[in-house]
Each structure stands twice: as structure tokens, then as C-alpha cells.
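Notes for the structure review
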Amino acid sequence: MTRYLIIGNSSGGVGAAEAIREIDRNGPLTMVSEEPYPAYSRPLIARYLAGETPLDHMAYRRPEFYRHNDIGLVLGQRLVRLDLESRHAELDDGRLLPYDRLLLAVGGAPILPPIEGLREHEFFTFTTLDDARRLASRVHCGQRAVVVGGGLIGLSVTEALVKLGVHVTIVELAPQILGRALDAAAASLVLRAVEEAGVRVLTGRTVARVLGSAPTAGAVREVELDDGSTLPCDLLIIAIGVRPRTEAVAGTGIAVQRGIIVDRRMATSCQDVYACGDVAEAYDFIAGGNRLTPIWPNAYLGGRIAGRNMAGVDTVYSGGTAMNSLHFFGLSIMSAGIVDPPPGEPAYKVLVRDERPRGTYRKITLLGGRVVGMIFAGDVDRAGIVFGLMRNGTPVESFAERLLADNLGLLSLPPELWQQMVRA
């Protein structure tokens, strides 16, 4: 029997394994991954597709990580069933893995919209290394690609394809691209950079039907939009987001809403079962409650909290929040928290420095005199200071206007505050 069983081998699983081994060097620890690779950096898959990062530079930890930490690694196997009463996890090869403490770090699965003809034709998603490798095997300079989705995944694959000489059209149902990460003003800056790179962007539209190209079975010839217009298409990429893989706990009684619900120790409603990462609804320090925040840093930190508690050291998760550090088509952006407060809500105060003609835009959202949201676009050098104030819940109303200054630095803050931050 393994004392610690971790299902998932990405940032959350690795964070948990590292935390466990800092406390317990000898307890049997097993990690299971559906993918055939040791842990790799998912944020790098676009750079891999573009030919900028070779396969041997994708590793998230050194090859000896598992051996040095005495971790039993099971690759290429999927969790198919949990028996919480007997404490067994069943893999798709029929293997039963008994455990004392279990972490579910199974991530999310790509959302596939109900497009007529989609499953009868070749399409690509873009969340794993295998997705990137499969797409790379089909890409040729001069092809025409349609990317369904103008969010983080869609922009990431679009930039890689443009670098490979592919003509890309983004089809986004929302009125703007990056609608979850940015407000309309910041999104317009990204749109300008994307269009200057030769990408066509269609907002307020969706793909209704996929049309094939005979005689090649499954090949895509064009897509039809919901307004009846068509786009020529050699490559079709679906990039509208991911859903938590909650099927891992179906029928177990573990509490689920949109994701698996966890407490401040990353524990589920079942004793000795934990969850983290994209599959978990964990504490958001801005929302003041649980929500999905499927980003890489939150997964790692949540994994560490889970690992410490699995190893017997009571540790409370201070919480994550929605945060994005982006760099698309030469434009850097950092956003976090509430980027677009409800219109007409008097409790919020919004500070804006809009210099989009110069390529920069800054916005800070306050609630109760504290920072609860931010966007820095075009110039992100000082965004970390503002995020630190947001993270710490620091009252800033007396000096909030300074946070938009070009020369913002620690010395711009009240002396007692910057001295405290330096000491920390």
C-alpha cells in the first residue's frame, strides 16, 4: 500500500510531492499520470509548437526528480474509479492502487462546443504536449487555420501558428477577445497587436458547422459560421477553455459544484482525500469564497498546501485569485482580481490611466479602500507592487493615485508601508 497517492503529474501534483517529501522522506509515495511523460511545463507548449523550445527543454523538474524523492511514477494510465470505502484507485489497465491519503490533481478537459460535423472531421485542442505534437505534425506554411476561442489558449496557439507562417482567423462568441482576463479597453490593445500581426478576428460569432474535403476522409475544407458565412480552413483548433474533470469522483459522494469543493486545507468532503488545481474549487481571497481559478501558480500553491496536510502538518491555504501574466504579439499584460466591476455599483472605485495611443493602459479597482483588481498593459514593470498590495489586503485609499504613476516604486508608498514590505 502506498501512503500517499497523487493522481496527476502537473504543477499541483509536483507541488504536493515536494511538500510531502519536505516533511516525510520515507512514506511510500506514488504519482499517476494519464500522459506518457514526466512532468513538463504546460505554459511552454506554444513555444514548442512554434519551434522555439525543444522537447528536451520542456521538463518541469529535472529527470532525476522522481528517483531523488523516492516517488513511484505510473505513466500513461487514467483513473477510472475510486472506492473510498476500501481506499483503492482503479486505473484503466485494471490495476488497483491502495492508499492512505489521496490527492486528485487531475486538471481539466477541453470544452468541445456542439458544432455540427465537428467529430466527423479532424480538429485539434491545445492543452497538452501531445496536442502540440499532433498539431505540429500537420502544420505547413501558408495554411489557413480557424481558431475557435479568443481566450488565453486561443491567443497562445494563434501566436505560435503565425510564427509558422499560417494564416489565422479567430472566431470568438463574446464581444471581445480575452473577455475573462481583461476589460474592453485593454482587450482593444491586444486586438490591435493581433491584427497588426495579420490575424483576422471575428467577435460575436461562432462556428456552426464543419464542412469536409473529399476525397480525404475527415479533412476540413471550410467552416460555416452562425450567420451563414463561411471561412476556408485547413486546420481547425478548438480553444474555448477547459472544464474540471469531476468525472473522477462521480458516484463517490465527494461534494462537487462546478469543480471538486475543497476547504482551506485543500481537503474534500471525504476524509483523507484532497484536490487541487484546475479540478478544485478553492478559496479565492478576492471573492472571499470558493471558485475555480485554473491557473498554473494557483495549482502549484494549492498542491503544496494539500501535500503538507497529507503529511500531517496542519496548513491553511491563504487563497489564490484570477491572475494572468500575458505576452502576446509583443504586448505584455498583467491582470488580476476584479478587472471589470459591476456597472453602476457605487461600492467600487475605479482608477484608470488610459494611454492606448502610446500602447499602455493601467486600471486599478478598489473596494473598501483596498485593491481588488488590476490591469497593466504595455508596461508591467510596476504591476508586481500593486499585486502585492492586493495580495496583502493593504489599505491604499490615501495614496491610491500614486499607484498609476510612471515612477511607482516602494519609495512611492507611505514610509511605514514600504519599510514593512522591505522587512518582509
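Think of each chain on its own: its residues are numbered from 1, step by step along the sequence as written. Residue-level local features of this predicted model are given only where pLDDT is at least 70; pairs of side-chain atoms are given and counted only at 80 or more, and the full residue set underlies all totals for whole chains, interfaces and linings. Heavy atoms from the whole structure form the basis of all side-chain values; hydrogens and water molecules are not counted.

Details of the pairing of strand β18 (residues 280-284)
- With respect to burial, β18 is a largely interior element, five of its five residues being buried.
- Note on pairing: DSSP must find at least two bridges between two strands before they are called paired. Runs of E in the DSSP output that reach at least two residues are strands. Runs of H or I that reach at least four are helices, and both are numbered from the N terminus. Note that strand β16 (residues 260-261) and β18 share two bridges and pair parallel. In the strand pairing of β18, Ile 260 is matched with Ala 280.
- Relative to strand β19 (residues 289-292), β18 runs antiparallel, the two being bridged by four bridges. Bridge pairing in β19 links Ala 282 to Arg 291.
- Hairpin remark: β18 followed by β19, antiparallel, with four residues in the connecting loop; positive phi at Gly 288, about 75 degrees. The buried label goes to any residue with under 20% of its type's maximum accessible area, the exposed label to any with over 50%, and the partly exposed label to all in between, with areas taken from a 1.4 Å probe on protein chains only.

A short note on the sheet that holds strand β11 (residues 207-212)
- Taking strand neighbours across the sheet as the criterion, the three strands line up as β11-β12-β13 in an open arrangement whose pairing is antiparallel. Each edge of the open sheet is held by one strand with a lone partner, namely β11 and β13 (230-232). Across this sheet, the average inter-strand angle for adjacent strands is 25 degrees, counted without regard to direction.
- As paired strands, strand β12 (residues 220-225) and β13 are joined by three bridges and run antiparallel to one another. Paired with Glu 222 across the bridge in β13 is Pro 232. Where helices are involved, their axes are fitted lines through C-alpha atoms of the stretch in contact, as for all axes, and angles between N-to-C directions lie from 0 to 180°.

A few points about the pattern of salt bridges
- A side-chain nitrogen of Lys or Arg and a carboxyl oxygen of Asp or Glu constitute a salt bridge if their distance falls within 4 Å. Across all of its chains, the model carries 29 salt bridges by this definition.
- For Arg 245, the salt bridge identified is with Glu 34, shortest N-O distance 2.8 Å. Of the two residues, Arg 245 sits in the loop between β15 (242-244) and β16 while Glu 34 sits in the loop between β2 (29-33) and α2 (45-49), which places them 211 residues apart along the sequence.
- Residue Glu 247 is joined to Arg 245 by a salt bridge in which the shortest nitrogen-to-oxygen separation is 3.6 Å.
- Here the salt bridges share partners, and the residues they tie into one network are Arg 353, Glu 355, Arg 358, Arg 362, Asp 379, Arg 382 and Asp 406.

A word on the nonpolar core
- With 74 residues, the main nonpolar core has Leu 103, Leu 104 and Leu 403 as its most contacted residues.
- Here this core gets six residues from one element, more than from any other, and that element is helix α8 (residues 383-392).
- When checking whether two residues touch, look at their non-hydrogen atoms; a contact exists if any pair is within 4.5 Å. Not counting residues up to four positions away in its chain, the partners in contact with Leu 103 are Leu 5, Ile 6, Ile 7, Gly 12, Ala 16, Tyr 274, Ala 275, Cys 276, Ala 306 and Met 310.
- To qualify as a nonpolar core, a set must consist of buried Ala, Val, Leu, Ile, Met, Phe, Trp, Tyr and Cys residues joined through side-chain atoms within 4.5 Å. Core analysis: the second largest hydrophobic core is formed by 47 residues, Leu 129, Ala 145, Ile 177 and Val 190 among them.

Let's talk about the side chain of Asn 69
- With respect to the helices and strands, Asn 69 occurs in the loop between α3 (65-68) and β3 (71-75).
- What makes Asn 69 buried here is its relative accessible area of 14%.
- We call two N or O atoms a polar contact when they sit within 3.5 Å, provided that within protein one can donate a hydrogen and the other can accept it, with sequence-adjacent residues counted only if both atoms are side-chain atoms. Within polar-contact distance, the side chain of Asn 69 engages the side chain of Arg 25 at 3.3 Å.
- Only 2.9 Å separates the side chain of Asn 69 from the backbone oxygen of Phe 65, close enough to count as a polar contact.
- If sequence neighbours within four positions are ignored, Asn 69 has contacts with Arg 21 and Arg 25.

Considering the environment of Ala 145
- With respect to the helices and strands, the residue Ala 145 is situated in strand β8 (residues 144-148).
- Residues within four places of Ala 145 in sequence aside, it is in contact with Leu 161, Val 166, His 167, Val 168, Thr 169, Leu 235 and Ile 237.

Description of the environment of Val 207
- Inspection of the secondary structure assignment puts Val 207 in strand β11.
- Classification of Val 207 by relative accessible area gives buried; the value is 4%.
- Along the primary structure Val 207 and Leu 173 are separated by 34 residues, whereas in three dimensions their C-alpha atoms are 8.9 Å apart.
- If we ignore the near neighbours within four places in the chain, the residues touching Val 207 are Ile 115, Val 146, Val 148, Val 171, Val 223, Glu 224 and Leu 225.

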